[in-house]
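# Descriptive structure summary
Below are the chains, spelled out letter by letter.
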Amino acid sequence: MATIIYHARSFRRPLCYSSSITSKHLKSRICPLSSPYSFLCLPTSPRTTIFRQSRSPSPLTAVDPRRASFSSTTLPSSMSTVSDDNPLLKNFQFPPFDSIDASHVRPGMRALLKKLDSDLKELEKTVEPSWPKLVEPLEKMMDRLTVVWGAVNHLKAVKDTPELRSAIEEIQPEKVEFDLKLGQSKPIYNAFKAIRESPDWDGLSDARKRIVESSIKEAVLGGVSLEDSKREEFNKIEQELTKLSRKFEENVLDATKKFEKLITDKKEIEGLPATALGLAAQTASSKFMSVMQHAKNRALREEIYRAYVTRASSGELDNTQVIEQILKLRLEKAKLLGYNNYAEVSMATKMATVNKAEELLEKLRSASWSAAVQDMEDLRQFSKSQGAPEANELTHWDTTFWSERLRESKYEINEEELRPYFSLPKVMDGLFSLVKMLFGIDVEPADGLAPVWNADVRFYRIKDSSGKPISYFYFDPYSRPAEKRGGAWMDEVVARSRVLSDDKTSVRLPIAHMVCNQMPPVGDKPSLMTFREVETVFHEFGHALQHMLTRQDEGLVAGIRGIEWDAVELPSQFMENWCYHRDTLMGIAKHYETGEGLPEEIYQKLLAARTFRAGSLSLRQLKFATVDLELHSKYIPGGSESIYDVDRRVSEKTQVIPPLPEDRFLCSFSHIFAGGYAAGYYSYKWAEVLSADAFSAFEDAGLNDDKAVRETGHRFRETILALGGGKDPLTVFDCRSSYPNPKYYSSPHCNQISSHTQNHTSDQVDNMTNLLGFETPVSTATAAAAAATNPSLFNTPLFPFSSEFFLTSPKTISTLVFPHKPPTTRLNRFQTTKILSVNLTTAQLEEDQEVEIAEGYTMTKFCDKMIDVFLNEKPKPKDWMSYLIFREDWNKYRDSFYNRCKSRADTENDFTMKQRLVTLAAEVKRVDDEMEIHAELLKQIEDSPMDINAIVTRRRRDFTGEFFRYLTVVQETHDSLEDRDAVARLGARCLSAVSAYDNTLETVETLDAAQAKFEDILDSPSIEAACAKIKSLAKAKELDSSLILLINSAWASAKESPTMKNEVKAIMYELYKATKRSLKSIAPKEIKLLKYLLNFTDPEERFSALATAFSPGKDNEARNPNAIYTTPKELHKWVTIMLDAYDLHKEETGIEEAKEMNLPMVIQRLSFLKETIEEEYLEKETPEAKKDADAEEL
């Protein structure tokens, strides 16, 4: 390469400024380690993907049976020779759960795997890049394995025996071997790539595109692109991880069963309720919580606590080395795949990135910490008032006990005393009535239609409004500690599928199962539930609904299949909110003996208690999520820091009481070491915020308006529940939100930090359709990237260029508050009336309540009217700007308004209204403070209009999109076009000054640095070394736009040169290709921004959006943590790069974004965008400058 460097340098030009089979983790839905009240919910594990082994391998990979019968096309014909009696090898409509036992597993699975291996080889020989010749036979081939393996593992979860465990353990390696063989099939992988690159690509449905793109991604993550030796190493790692995950979970289960405590003196268990004494019917976690909550014997609580947090941490059941080996192998696996750590591998198929997840967790942690500290202080004070000798030194085995006592004292609610109001039959009837109203479905018993694994299991049929069956589900409600895993979960039995329907014209209906662990009925007494168990049933049914109400016919992305892990908890947490809906709760809360409804005062106390110790409970979840990410992103196995060091380090910021020195919680953290939540536990919090957004859509519609609720429920069903994994979640959730924003965390539907946030206003969420605004479907990565811009600032033009802004609008607060009956005297922003010229202080108002500030209105009545407007007519803070813009008027009302909110809240008996009033005052104060800053900045500009450039230099970060929106609202207060134009011109001058300032940010040093990097690349000893340098720069985030343009320019010159040697052209072409490939890893934010901007058809809207993108501001991270801000010059460079990619190599460009933009209309818009930036933002090039540039290039 060195011999032709001279020629390469000869054409270097100066830089001129002239971008499943989807995640087919068929995941079991499980509850989080959410609080001391549901301390441990063990998972069923994620399932095998069709393309590759789960990234969190588990011996319990489970998928379940089907409603439709299995035709001879899917049932291996040769398997009948193995055993005519083996139920796993027979055709069946529903899995024969009642007849499958351990003796069937080895022969049945081996016969099936042998047949599937033969089918795979045949498919590889005949595969073609088409749906009928690739995806459909693949789905059919995998379906039988999914059903059989799922049925076996499901039985292990609900009817475990040593023989079944042994059989699964023996077959698991053979199953994993087949998964790897399928996932690493080059012919299948290449066929999917060919579909993506074919001319027919644009004609595929969104679901099919998702299947293809995710299949390719899954194949790469499954090792298909690795060299033979590395692929062999990868496969060994996968096999070993599967064994280790199984070993981890079995150690936890065996250690839990091993602990025994014999109690002969009833005094030792004083305080435990009668239900807690039925230990034979309880799981380990429920026994633990019963003691922690109710046992007055502090020594007993300590003994049980210490035993629980040290499970599986000693002797032959010690999981310490198992964890170390799991983390070591996961890191090795990540390195083989080209990632820095396993967290990046995990995030590759999720909505979030490692940084986004960490950012969310840290913001929530900082918001939760003070509340958690206060929670602990409240416990100390309360326990001291009760004469507790341990009050000044409360520790782990005290907090749950005293929390329960404080809750009972504060809200007069006793969980055990509420059980009679929540009988399982009534709860289920109420749940089914709720979903009938929301989604228009009927749930009816269908017992006897399908075989079940236990006599207590119920089977149900779901029908649509026409009476047509659309899905089925099993419900296994009761605890059976001797054979059934603890916790609660939902999983699929069968996915909806067109390909696998019996008649090939309709679809196969989906089936799910729900599993809980409640107290069974005793005699004539039904199963009586705690309120938290009621929430759990609603939670799991939310998961089931997403699977059962899907309308997606592509089986590989139907229901819960293909949905990103951190989005899948939304429906479940959404359904939990209905437990606090008055009509719903009163409908299910009937005393099982008397039929008496739940007293109103208890309902109000339940609402109030919802936020009890929210800071502490939130912090607990954040600890789990944070330690999970730390172990999978920063921890180095075998390094100086142990796993317990990491746990303690995280605990310093997430536990008010430090963990015990012997605490070995990690040894039983099955979610991340034996489940599917490795580097994914954060998803509970991620989805919690999304679900709060979703429920607030119903609040905005009006929870007491049945018609509005039904309409909103229909939209929810047709989007979130119906579309499954066939669309990216950011486009599916078009009813509300995008990336979770911690500011939404104060919603009452999240695990609240603050008790005074009851009115979750709709301005806190962005409309997803408007947010994305794509004209054509895009890939998961593209949609997520576009949403990352969070262009909520783009939704409103920065300047009123359209005629609608010149319509007559109100000019005072009064005319806004009284649009139909204005006061006799209109109050103008610039001309105060005689009434308002009187200095009406709060004290004077209290002395004389009859003083009128307008006809028929005292200040109190006026404030009440404003409160009503803000709460009901204009509940969105963004609308309040139109009122608060009149600063002189508002200053006269401000104190009275806040005082009135407080006085009404103090005297309000309705808890919900009390909270809404407190929240309103706080939210108005926030908007008020922001507008005060904007008003001060505007006044400074108006006082010194000739010093705008100097003001921008000093206060650049105050010139935000919100400030320019403020100018728009100010403009609307003027009557004359002349005054409006004056504000618009002032705004334009501000924007011009901001642009000029931003254009100076990129200095000559930037260009020199790019030139130096290019020189270093060209000095490489070989083309391979040069490409490696480019890749290394990309990984280090140093492959910037300036360097990319240099390389593009070099290749363009070489390509166009008639005299350049072919060797030089070859070098430049390879460098160009290496740069394109590396773009995927650097994921430039400007490319994401372009994807959003290109969908504007109106030039004025595009200009407005650009203005916002070029206006970062003070506190923009807090307001819009996902927003993208850039400079005109930087965005201009990326537009140039994208156009270069199109021009230089149209037929096979490797830049994915450029390929998606490979349409004449898009190229035209790119060109227009480039011209707009050049004309409006970049300095005009003078003839002298152009002459100098030409001379330099020559």
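Keep in mind that this is a model prediction, so the values were computed, not measured. (Residues numbered from 1 in each chain as written. Predicted model: local features only at pLDDT ≥ 70, side-chain atom pairs only at ≥ 80, totals over all residues. Heavy atoms only, no water.)

With that out of the way, let us pick up the overall build of the protein chain. A count of helical and extended segments in the protein chain gives 49 helices and 8 strands. Residues counted as buried form 60% of the 1194 residues belonging to the protein chain. Accessible area for the protein chain stands at about 46,900 Å²; split by element, carbon and sulfur atoms hold 50% of it. (Helix = DSSP H or I, 4+ residues; strand = E, 2+ residues; numbered from the N terminus. Buried < 20%, exposed > 50% of the residue type's maximum accessible area, 1.4 Å probe, protein only. Areas by Shrake-Rupley, 256 points an atom, 1.4 Å probe, with all protein chains shown as cover.)

The next point concerns the nonpolar core. Counting residues in each nonpolar core, the largest one holds 138 residues, and the members touching the most others are F422 and F473. At 9 residues, helix α16 (residues 424–439) tops the list of elements feeding residues into this core. Residues in contact with F473, not counting those within four places in the same chain, are F432, V443, R458, F459, Y460, I462, I511, A512, M514, F541 and M548. Counting 95 residues, the second-largest nonpolar core is a separate cluster that includes V927, I1017, L1093 and F1110. (Core = buried A, V, L, I, M, F, W, Y, C linked by side-chain atoms within 4.5 Å. Contact = heavy atoms within 4.5 Å.)

With that settled, the discussion passes to helix α25 (residues 706–721). Among the residues of α25, A708, V709, T712, G713, F716, R717, T719, I720 and L721 are the ones counted as buried. Buried residues belonging to α25 abut α16, β4 (469–478), α17 (531–548), α18 (570–576), α24 (683–701) and α26 (729–732). Looking at where α25 begins, the residue whose side-chain oxygen comes 3.2 Å from the main-chain nitrogen of K707 is D705. (Polar contact = N/O pair within 3.5 Å; in protein donor to acceptor, adjacent residues only side chain to side chain.)

Let us look at the packing of helix α32 (residues 859–873) against helix α35 (residues 911–943). Put simply, α32 and α35 touch, their axes get as near as 11 Å, and they point 100° apart. Overall, the two elements α32 and α35 adopt an arrangement that is roughly perpendicular. The segment α32 lies against α35, with I867, F870, L871 and N872 engaging M913, R916, L917, L920 and V924. Considering only residue class, the contact of α32 with α35 consists of 7 nonpolar, 1 polar and 1 charged. (Axes fitted to C-alpha atoms, helices over the stretch in contact; angles between N-to-C directions. Parallel < 35°, antiparallel > 145°, perpendicular 65-115°, else oblique. Nonpolar A, V, L, I, M, F, W, Y, C, P; charged D, E, K, R; others polar.)

Looking now at the packing of aromatic side chains. Under the counting rule described, the total for this entry stands at 42 aromatic pairs. On the basis of an interplanar angle of 50° and a centroid distance of 5.8 Å, the ring pair of F422 and F531 is categorised as tilted. Pair noted here: F422 is in the loop between α15 (415–418) and α16 and F531 is in helix α17, with a separation of 109 residues, a long-range link. The same class applies to F422 as to F531, namely buried. Relative to F473, the ring of F432 lies with its centre 6.4 Å away and its plane at 70°, an arrangement referred to as edge-to-face. One end of the pair, F432, is in helix α16; the other, F473, is in strand β4, with 41 residues separating them in the sequence. (Phe/Tyr/Trp six-rings, centres within 6.5 Å; stacked < 30°, edge-to-face > 60°.)

Even without a glycine there, the phi angle at A312 is positive, about 55°. Position of A312 relative to the elements: it lies in the loop between α10 (298–309) and α11 (320–336). With a phi angle near 55°, R613 is a residue other than glycine that sits in the positive phi range. Position of R613 among the secondary structure elements: in the loop between α20 (600–609) and α21 (614–633). The class of R613 is buried, set by a relative accessible area of 12%.

On the surface, D583, D705, D706 and E711 cluster together into a patch of negative charge. In this structure, D705 sits in the loop between α24 and α25. Looking at D705, the relative accessible area reads 36%, which means it is partly exposed. (Patch = residues over 30% accessible without salt bridge, like charges linked within 9 Å, V, L, I, M, F, W, Y side chains within 5 Å. Salt bridge = Lys/Arg side-chain N within 4 Å of Asp/Glu carboxyl O. Lys, Arg positive; Asp, Glu negative; His and termini not counted. Charge placed at Lys NZ, Arg CZ, Asp CG, Glu CD.)

Summarising the model, the protein chain shows a mean pLDDT of 76, and 74% of its residues fall at 70 or more. For the stretch residues 1–30, pLDDT sits under 50, and the model shows 142 contacts to residues farther than four places along the chain or on other chains. Below a pLDDT of 50 lies the segment residues 1146–1158, which in the model reaches 32 contacts outside its immediate sequence neighbourhood of four places, other chains included. (pLDDT = per-residue confidence, 0-100.)

What follows covers a positive patch on the surface. Together, K230, K335, K1031, K1035 and R1077 make up a region of like positive charge exposed at the surface. With respect to the helices and strands, the residue K335 is situated in helix α11.

Here the structure, examined in full by the defined rule, presents 63 salt bridges. Here D864 makes a salt bridge to R904, at a shortest N to O gap of 3.2 Å. Of this pair, D864 sits in helix α32 while R904 sits in helix α34 (residues 887–907), placing them 40 residues apart in sequence. For D864, a relative accessible area of 21% corresponds to the partly exposed category. Under the relative-accessibility criterion, R904 is labelled partly exposed at 22%. Ionic contacts of the salt-bridge type, sharing partners, join the residues E358, E630, K634, E641 and R649 into one network.

This brings us to the environment of K328. Structurally, K328 is set in helix α11. The class of K328 is partly exposed, set by a relative accessible area of 35%. Sequence spacing of K328 and Y635 is 307 residues, and the spatial spacing of their C-alpha atoms is 9.5 Å.

For strand β5 (residues 489–494), the tally of buried residues reaches 6 of 6 residues, placing the bulk of the element in the interior. Inspection of the sheet shows β5 paired to strand β6 (residues 511–518) by 5 bridges, in the antiparallel sense. Within the sheet, the bridge partner assigned to E492 lies in β6 and is A512. (Pairing = 2+ DSSP bridges.)

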